[in-house]
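Analysis of the macromolecular model
Single-letter residue listing:
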Amino acid sequence: MTAQGVKPIGELQFRREKYYVYGVFEPQSGENFFGELSHLDTECFQEFLNDFSAADPRDLHIIQLDNG
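Owing to the predicted nature of the structure, the values given are computational and were not obtained by experimental measurement.

Section: the nonpolar core
Within the largest apolar cluster, 6 residues are counted, these being Tyr22, Val24, Leu37, Cys44, Phe48 and Phe52. Sort the elements by how many residues they give to this core and helix H1 (residues 42-55) lands first, with 3 residues. Among residues more than four places away in sequence, those in contact with phenylalanine 48 are Tyr22, Gly23, Val24, Phe33, Phe34, Gly35 and Leu37.

Printed below as a string of structure tokens:
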């Protein structure tokens, strides 16, 4: 506790771990596929695409991307 108007002094370091969620969905049926990866880069996107294609290898998937 401190006096009114006096901020306490302490050492605190928040530990934050980040991850990115990649996902695709089919609007008509609502089917979806999501993956959590460590970075937002080419290597992780390729890993997501590999996992997505392995989930249902008999179908042809067309993915529309924005310019992100």
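Having seen it, we continue.
Focus: the pairing of strand E2 (residues 32-37)
Of the strand pairs in this sheet, strand E1 (residues 20-25) and E2 are connected by 6 bridges, and their pairing is antiparallel. In the strand pairing of E2, tyrosine 22 is matched with glycine 35. Two successive antiparallel strands, E1 and E2, enclose a turn made up of 6 residues, where glycine 30 displays a positive phi of approximately 85°.

A look at H1
Under the 1.5 Å per step criterion, the end-to-end length of H1 is 20 Å for 14 residues, consistent within 8% with the ideal 20 Å. When we look at burial in H1, the residues that qualify are Cys44, Phe48 and Phe52. Looking straight down H1, one finds its buried side chains confined to an arc of 75°; they lie on one side. Opposite the buried face of H1, by more than 90 degrees, sit the exposed residues Thr42, Glu43 and Ala54. Packing partners of the buried residues in H1 comprise E1 and E2.

Parameters and conventions
- Residues numbered from 1 in each chain as written.
- Predicted model: local features only at pLDDT ≥ 70, side-chain atom pairs only at ≥ 80, totals over all residues.
- Heavy atoms only, no water.
- Core = buried A, V, L, I, M, F, W, Y, C linked by side-chain atoms within 4.5 Å.
- Buried < 20%, exposed > 50% of the residue type's maximum accessible area, 1.4 Å probe, protein only.
- Helix = DSSP H or I, 4+ residues; strand = E, 2+ residues; numbered from the N terminus.
- Contact = heavy atoms within 4.5 Å.
- Pairing = 2+ DSSP bridges.
- Expected span 1.5 Å × (residues − 1).
- Arc of directions from axis to C-beta.

This is a description of form; function is not addressed.
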